[in-house]
Each structure stands twice: as C-alpha cells, then as structure tokens.
Amino acid sequence: MNLLWKFCIEFVILLPLTNTLSIIPTLNRNTIYSNSLCNQNFTIFDNPLIPRILGNTDTLQICHDIENAISYESQVFYLYDPRYYNDIHHYSISSTNFSVCSVEPGTTNDLAIIMKIIGKNRVPFGIKSGGHSLNPGFSSTKDVHISMLRFSQVNYNPTDQTVDVGPGLVWNDVYKQLQPFNVSVLGGRVSNVGVGGFLLGGGYGWKSNQYGLSIDTILEYELVTPNGTIINVNNKTYPDLFFGLKGGLNNFGIVTNFKMRALPQTLVYGGVLLYDFLEINNILNAAVNFQHNNQDPKAQILCDFTSLGGSVAINIIAFYDAPIAPPNTFDIFTSIGHLGKLQTRSFLSLVQASPVVITENMR
Ligand SMILES: Cc1cc2nc3c(=O)[nH]c(=O)nc-3n(C[C@H](O)[C@H](O)[C@H](O)COP(=O)(O)OP(=O)(O)OC[C@H]3O[C@@H](n4cnc5c(N)ncnc54)[C@H](O)[C@@H]3O)c2cc1C
C-alpha cells in the first residue's frame, strides 16, 4: 500500500477512536479534517473504511440542543455511557439500532420540549418502551432515540377503580405493585413485554376472554403530540384521537400515562408444561381441541415453540383466573408426558414462569 495512504488511513482511524470523548462536545462537519497531507477536502466522515461511531453530526448538534433545553429530571446519553446501551436494547438483537444519542425524558414538559426540537429540525427519532418490537426501526433509530424508562408510575385509585400506568415499565413491574391491592390490569402474558407498545398495539392478555383486548380497558391517555402539546385524550375530549390510539402505536404522539380499568385479582391456577419436540402432533391436536371446545372464559393456554439447550421444546402455559381450575380443564395437556406442573400461585408468579426470557437476545 502506498505509504502516504497508509498514514492517512491510520491517522483518520485513530483520530476518532482515541479522541472520541474530547471531540463530542465540539464536533462539527466543517472543522474536523484529516491530515492536510491527505486531501484538504477529505473529511473523516467521507472515508467508507471508518465506522461512523459518532453518527450524523447534525443530529449530534440536536442532541446537544435537547441536552441544553431539558430540566435536571431528564438526561441525554451517548454511546460511551452504559445507560445508552440499556436505552437502545431490544428483546431481539436485530431490532436495535445505534442512535447518535439516547434521551430519557423524566417529565411530560421535558418530553414536549424534546418533541418541539425534533419537529423543528425534522430529525428522525424512535420511541422505545419495553423494546419487544421485532421490527428494526419500529422503536429504534440511527438518530435521536427516546427511551420512556422514567415514566414508571403505577398509581391505583380505589375510588374509581382505575390504575395510572407509565410506559417506562414492563408488565412484571406493574403486576408486582398492584398485587398488595388484589387488583390487576389487562396487560402482557409473559415477562418483560413493555407497557407502551403492548397498550398501543392491541394487547391480548390472560383475561382477554373475559374483558376483551387491553385497548378496551383504557379510559384515558396523556399524550404529547408531535408539535409538543400535552393533552388528555378520552372519549369526551378527543373522541377520534381516543379511537385512533387504540391500535395506533406511535402514529399520533407519545403517550406518557395510560389510565386503565382496575380488575379484581385473586390467586390463579396454572404454570408451564414442557414437552419434547417428538410430541408435536399430540400437542398441536390438544391445542386445537382446547381452542374449539373450551367454553370457560377464565381458562386460557399459550402454546409456544422454544429453543432450549440447543434443541427445540414445546411449552404450554396454562392459566385459570381463580385459585383452583374446575376438574379436567387442562387434562388434555397434563395427560401427555411433560416436565413442570400446574398449581395455585400469584398472578405475578405465573407471568414470570414463562421461559420466554431465556430466548432474549437470541434473535
Ligand atoms: C416475547 C414476546 C411476547 C409477547 N406476548 C404478547 C402477548 O401475550 N399478547 C400480545 O398482545 N402481544 C404480545 N407480544 C407483542 C407485543 O405486545 C408487541 O411487540 C408490543 O409492541 C411490545 O411493546 P414494547 O413496549 O415492549 O415494544 P417497543 O418496541 O418498545 O414498542 C413497540 C411500538 O410501540 C411504540 N411505542 C412504545 N411506547 C410508546 C409510547 N409511550 N408512545 C407512543 N408509541 C410508543 C414504539 O415506537 C414501537 O412502534 C409479545 C412480543 C414478544 C416479543
């Protein structure tokens, strides 16, 4: 390789890698040039050999603008901060993008300020709650990533039997906080699914045969619109928007609070039954049989194929919304050779029993 080019390449590779921290506050596309020996018009960003660890410099400036505009209750993180990785992490690795910065708004007012800056600059952004979207770009971005982590409220209102839930939580956290009150809400069936995407995208839960989809149990949304206005959306204030949000995901703004109907919660009956893959025909027949013949809205199953220890296993999660299920409810599953058992337990413990967390990061 020509010596001059070798020098140029080493120089431009080492410059950003060694000086990352000091460059970040002042980085500007017009001022960062590689060595003048190489080419006066040749910026480090133009070299295809160099990974763009700093991302788009225009976006970087917007991240700084956000940082300067928000209160102490919110924060902006860059890729040298461990909290950045927590913010951009997804259940499925392929859904994660490396954004220029991650923003954790801590108040609705700060989120409104952030949306105004994003709107003014028309910069791409992503909104993440629990990160269980399997599609790249749905809750990830290469530009400004917004993590809703700090909206972590769970407030039970016994007078009107409602619960205010924040989109920064996963369902285990919500059930755990409601357990002492013997109430629940219609949320996710397995560990670590996020409140935000689940409640804005439909939401089929363990109690759906009794109460409908999760969206049917939402009474009001607190919403920051794309132009940074904060509104409370219910059937009276904005009926069209209220309807649109029920399945509208992130198309109408960012939800900062869901007011949900509180539902009574006793101990439940159920658990995980694990089967060898050789039982596939028996399990599929049993699942179809249960689906066609079960008339009890408190009984439900979830049939899942899981990679465990290098082989494929089948699991059935059985749920009954009372401490004891009527005799024979799940016999077609327990009569096939399996590991695991069905038992009386808390609702939270049933949700946590799902083996789905084992497959996190494997896709
Ligand atoms: C292992 C697993 C189990 C699942 N089990 C079920 C199940 O039992 N029942 C069921 O119905 N679904 C289930 N799902 C699907 C799941 O509900 C959806 O993928 C849901 O979108 C995940 O929500 P999230 O907040 O974790 O995802 P995210 O990836 O964080 O968000 C999903 C979408 O919602 C948007 N969004 C998130 N928060 C907000 C907000 N506050 N304001 C505006 N937009 C927002 C994001 O931008 C993105 O477009 C499951 C998915 C997985 C991976």
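What comes next concerns the included structure. (Residues numbered from 1 in each chain as written. Predicted model: local features only at pLDDT ≥ 70, side-chain atom pairs only at ≥ 80, totals over all residues. Heavy atoms only, no water.)

1. Some details on the sheet that holds strand S10 (residues 254-261)
Consider a sheet: its strands pair through backbone hydrogen bonds, and that pairing is either parallel or antiparallel. The strand order across the open sheet built from five strands is S5-S6-S10-S8-S9, with neighbouring strands paired in antiparallel fashion. At either end of the open sheet lies a strand with only one pairing partner, and these are strand S5 (154-157) and strand S9 (230-233). In this sheet, adjacent strand axes meet at a mean angle of 15° when their direction is disregarded. Direction of pairing for strand S8 (residues 218-224) relative to S10: antiparallel, over a ladder of six bridges. Bridged to Val 224 within S10 is Ile 254. Packing of helix H5 (residues 108-121) onto the sheet brings it into contact with S8, S9 and S10, and relative to S8 it is tilted by some 50°. (Pairing = 2+ DSSP bridges. Helix = DSSP H or I, 4+ residues; strand = E, 2+ residues; numbered from the N terminus. Axes fitted to C-alpha atoms, helices over the stretch in contact; angles between N-to-C directions. Contact = heavy atoms within 4.5 Å.)

2. With respect to the environment of Val 224
With respect to the helices and strands, Val 224 occurs in strand S8. The spatial distance from the C-alpha of Val 224 to the C-alpha of Val 255 is 6.3 Å, given a sequence separation of 31 residues. Ignoring anything within four residues of it in the chain, the contact list for Val 224 reads Thr 108, Leu 111, Ala 112, Met 115, Thr 229, Ile 230, Gly 253, Ile 254 and Thr 256.

3. Looking at the pairing of strand S14 (residues 311-320)
With eight of its ten residues buried, S14 lies for the most part within the structure. Bridging between strand S12 (residues 268-276) and S14 involves eight bridges; their strand directions are antiparallel. By the bridge assignment, Leu 274 is partnered in S14 with Asn 315. In the sheet, strand S13 (residues 299-308) pairs with S14 via ten bridges, with the strands oriented antiparallel. Bridging across to S14, Ala 299 finds its partner in Tyr 320. (Buried < 20%, exposed > 50% of the residue type's maximum accessible area, 1.4 Å probe, protein only.)

4. As for unusual backbone geometry
Positive phi values are uncommon outside glycine, yet Arg 122 reaches one of about 50°. Here Arg 122 shows up in the loop between H5 and strand S3 (125-128). Given a relative accessible area of 74%, Arg 122 falls into the exposed group. With phi around 50°, Gln 161 is a residue other than glycine that occupies positive phi space.

5. Topic: the site of the ligand
Surveying the vicinity of the ligand reveals 27 residues, the closest of which are Ile 127, Ser 129, Gly 131, Ser 139 and Tyr 204. Between the ligand and Ile 127, the relevant distance is 2.7 Å, taken from an oxygen atom to a main-chain nitrogen or oxygen of the residue. A distance of 2.7 Å is found between an oxygen atom of the ligand and a backbone nitrogen or oxygen belonging to Tyr 204. Coverage of the ligand by the protein chains reaches 86% of its 970 Å² of free accessible surface. Of all the secondary structure elements, the ones that give two or more residues to the shell around the ligand are S3, helix H7 (195-200) and S10. Here the element with the most residues in the shell around the ligand is H7; it accounts for four residues. Structurally, the shell around the ligand is a two-domain feature, drawing no fewer than three residues from each of domain 2 (57-147) and domain 3 (154-264). (Near = heavy atom within 4 Å. Polar contact = N/O pair within 3.5 Å; in protein donor to acceptor, adjacent residues only side chain to side chain. Areas by Shrake-Rupley, 256 points an atom, 1.4 Å probe, with all protein chains shown as cover. Domains from an automatic or database assignment.)

6. Notes on the environment of Leu 223
Its place among the elements puts Leu 223 in strand S8. Each C-alpha atom, one on Leu 223 and one on Asn 257, is 7.4 Å from the other, the two residues being 34 residues apart in sequence. Discounting chain neighbours no more than four positions away, the residues touching Leu 223 are Thr 229, Ile 230, Ile 231, Val 233, Leu 241, Leu 245, Phe 252, Gly 253, Ile 254, Val 255 and Thr 256.

7. Observations concerning the nonpolar core
Formed by 41 residues in total, the largest nonpolar core has its most connected members in Trp 171, Val 174, Tyr 221 and Phe 258. Both of domain 3 (154-264) and domain 4 (268-345) provide at least three residues apiece to this core. Residues in contact with Trp 171, not counting those within four places in the same chain, are Val 185, Gly 187, Gly 188, Val 193, Gly 194, Val 195, Phe 198, Leu 199 and Met 260. Ranked by size, the runner-up nonpolar core spans 24 residues in total, among them Ile 62, Tyr 78, Val 144 and Val 224. (Core = buried A, V, L, I, M, F, W, Y, C linked by side-chain atoms within 4.5 Å.)

8. Quick look at the packing of aromatic side chains
The description of an aromatic ring pair rests on the distance of the ring centres and on the angle between the ring planes. All chains considered together, the criterion is met by twelve aromatic pairs. Aromatic pair Tyr 78 and Tyr 80: ring centres 6.2 Å apart, planes at 20°, arrangement stacked. By relative accessible area, Tyr 78 is classed as buried at 4%. In this structure Tyr 80 comes out as partly exposed when scored by relative accessible area, which is 46%. Seen in terms of ring centroids, Tyr 175 and Phe 347 are 4.7 Å apart; in terms of plane orientation they differ by 65°. Their pairing is edge-to-face. Of this pair, Tyr 175 sits in helix H6 (residues 171-178) while Phe 347 sits in helix H12 (residues 347-352), placing them 172 residues apart in sequence. Clustering of aromatic rings is evident, with ring pairs tying together Trp 171, Tyr 175, Phe 198, Trp 206, Phe 319 and Phe 347. Taking the ring centre of Trp 206 as reference, the NZ or CZ of Arg 189 above it sits at 5.5 Å. (Phe/Tyr/Trp six-rings, centres within 6.5 Å; stacked < 30°, edge-to-face > 60°. Lys NZ or Arg CZ within 6 Å of the ring centre and 35° of its normal.)

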